[in-house]
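Structure at a glance
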Amino acid sequence: MPVDTKAATDRLMRFLSVEGVTGQEAAIGRELTAALKESGVPAKAIRLDDANTRIPVPTETGNLIVDLPGRGALHNQPRIMFMTHMDTVPLCAGAKPKKSGRKIVNEAKTALGGDNRCGCGVLVTLAAELATQKLDHPPITLLFCVREESGLYGARHVKLDELGSPVMAFNYDGGSASNVIIGAVGADRWTVEIFGRASHAGVAPERGISSTMIMALALADAKAGGWFGKVVKGKQQGTSNIGPVTGGEGRPAGDATNVVTDYVHVRGESRSHDGKFFKEITKAYKAAFEKAAKKVTNAQGKSGKVKFKAETDYYPFRMKDNLPVVKRAIEAVSAVGGTPNVRAANGGLDANWMVRHGVPTVTFGAGQNEAHTVDEWINLDEYDRACALALQLATMR
């Protein structure tokens, strides 16, 4: 079952040229809809859900969902799903894709957007090839998620009954088409507000309570305790990181060097393949900030205060090798000439939430390289393999 690789590459170039950073997916959604119709998918089979009304941050549009009825000898088999995300990181704004040999590179000083226009190209190519070649296949749902890059929100807030209750799913997001990703970490995303007291740093510093110093002591304590970066506690492992440090809403932390800083806002994350351990990492940070707040006092004996909030971004999962979805994935990779590399990922995937929803989901790569950087490029050989793999997965008996 050959794939029209030229048409597949043309689609990818087309999608890369459409801006659609996370939360602003309306334009790429329209482009995908147009391409799907051109590929033979009826307009009535394409729709947007209302996930954006449940996402707690501004989001232009819902997830794009496509229903492909089964055909031929496989028409009455259980429904399967192919999914990807249609948003890019903000660094991709202004990308100018250019084909260079068997690569797609970027003429602009931005990220390219292969993460995840590659996945979009694979799914639309799948629909096109099934229609053109009139191949037998079970009922198929195509799902293009919004806001993956900013918190896996589209997959988190999708409604299972709107997907036709698929028995398994295949997600495209990564580099090598031979990677069979059957697990991923879970993560907490947390914030801490540090409340001190402003005072003139030259005239009466002793009357102030420095939020900056509270933060510094807390982070030093977390580092000394082995809770920062790569975290290893006996047999348990995870990671943590401190992200933006601001005065809130992107403002600088502090007004000037001659004023004791009275407010600092810190964002961080905790990750682990162990569902309990990333919570322990988060708990350690909370304790460190609370301890530091009590240590920093002014001349009147008053101390600072902290407000710590944590939310689970996504839960870890690890599927068993003998699950039907894993067996199908391994068999399909081998059938298209690849060597299956079964592994777990250290980053979050839309698959985290699909598995949480009860749909076992394997993730494959589709040619992405150096994602989220200005050096990003796309390997067209891997992209072609990803397209062939999708067709194999959709039609195998």
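Residues numbered from 1 in each chain as written. Predicted model: local features only at pLDDT ≥ 70, side-chain atom pairs only at ≥ 80, totals over all residues. Heavy atoms only, no water.

1. So, empty space enclosed by the protein
- In the structure shown here, the tally under the stated rule is one cavity of 30 Å³ or more.
- Estimates place the volume of the largest cavity at around 40 Å³.
- Around the largest cavity, the lining residues are Ala 177, Ser 178, Val 333, Val 336, Gly 337, Gly 338, Arg 385 and Leu 389. (1 Å grid on protein atoms, 1.4 Å probe; cavity = no way out; pocket = protein on both sides within 12 Å on 5 of 7 lines; lining within 4 Å. Points joined across faces, edges and corners; volume = space filled by probe spheres on them.)

2. Concerning the side chain of Glu 376
- Relative to the helices and strands, Glu 376 resides in the loop between strand 17 (368-369) and strand 18 (377-379).
- Side-chain polar atoms of Glu 376 contact the backbone nitrogen of Gly 113, separated by 2.9 Å.
- A distance of 3.2 Å separates a polar side-chain atom of Glu 376 from the backbone nitrogen of Asp 115.
- Excluding residues within four positions of it along the chain, Glu 376 makes contact with Cys 92, Ala 111, Leu 112, Gly 113, Gly 114, Asp 115, Asn 369, Glu 370 and Ala 371. (Helix = DSSP H or I, 4+ residues; strand = E, 2+ residues; numbered from the N terminus. Polar contact = N/O pair within 3.5 Å; in protein donor to acceptor, adjacent residues only side chain to side chain. Contact = heavy atoms within 4.5 Å.)

3. Quick word on the pairing of strand 5 (residues 103-106)
- Residue alternation in strand 5 divides its side chains into a buried set, Ile 104 and Asn 106, and an unburied set, Lys 103 and Val 105.
- Note that strand 4 (residues 97-100) and strand 5 share four bridges and pair antiparallel. The partner of Lys 99 across the bridge, within strand 5, is Ile 104.
- Connecting strand 4 to the antiparallel partner strand 5 that follows it, the hairpin turn spans two residues, and Gly 101 within it adopts a positive phi of roughly 65°. (Buried < 20%, exposed > 50% of the residue type's maximum accessible area, 1.4 Å probe, protein only. Pairing = 2+ DSSP bridges.)

4. Section: the UniProt feature "binding site: Zn(2+) 2" (unreviewed entry) in the protein
- Under the local residue numbering, the UniProt record ascribes the feature "binding site: Zn(2+) 2" (unreviewed entry) to Asp 115 and Glu 149. These annotated residues cover 35 residues of sequence, and their C-alpha atoms lie no more than 9.2 Å from one another, placing them together at a single site. Among the annotated residues just listed, those that line the largest pocket are Asp 115 and Glu 149.
- Relative to the helices and strands, Asp 115 is located in helix 3 (residues 114-133).
- Excluding residues within four positions of it along the chain, Asp 115 makes contact with His 85, Asp 87, Thr 88, Glu 149, Asp 173, Gln 368, Ala 371, His 372 and Glu 376.
- Here His 372 takes part through its side chain, which lies 2.9 Å from a polar atom of the side chain of Asp 115.
- Residue placement: Glu 149 occurs in the loop between strand 6 (140-145) and helix 4 (153-157).
- With sequence-adjacent residues up to four places away left out, Glu 149 is seen in contact with Thr 22, His 85, Asp 87, Thr 88, Val 89, Asp 115 and His 372. (UniProt positions renumbered as here; feature names shortened; annotations may be inferred.)

5. Overview of the sheet that holds strand 10 (residues 229-233)
- Taken in spatial order, the five strands make up an open sheet running 10-11-12-9-13, and their pairing is antiparallel. Sheet topology places strand 10 and strand 13 (305-314) at the edges, where each strand pairs with a single neighbour. Recorded for the sheet is a direction-independent mean angle of 25° between the axes of neighbouring strands.
- With six bridges connecting them, strand 11 (residues 236-246) and strand 12 (residues 263-272) associate as antiparallel partners. Counterpart to Ser 240 in the pairing with strand 12 is Ser 270.
- Sitting on the sheet, helix 5 (residues 211-224) touches strand 9 (186-195), strand 11, strand 12 and strand 13, and the angle it makes with strand 12 is about 20°.
- Docked against the sheet, helix 6 (residues 277-295) engages strand 9, strand 10, strand 11, strand 12 and strand 13, running at close to 170° with respect to strand 13. (Axes fitted to C-alpha atoms, helices over the stretch in contact; angles between N-to-C directions.)

6. Brief notes about the nonpolar core
- Counting 68 residues, the largest nonpolar core has Phe 82, Leu 142, Phe 144 and Tyr 172 as its most contacted members.
- Per element, the largest residue contribution to this core is nine residues, and it comes from helix 9 (residues 380-395).
- Counting residues in hydrophobic clusters, the runner-up holds 23 residues, among them Ile 194, Ile 209, Val 231 and Val 264. (Core = buried A, V, L, I, M, F, W, Y, C linked by side-chain atoms within 4.5 Å.)

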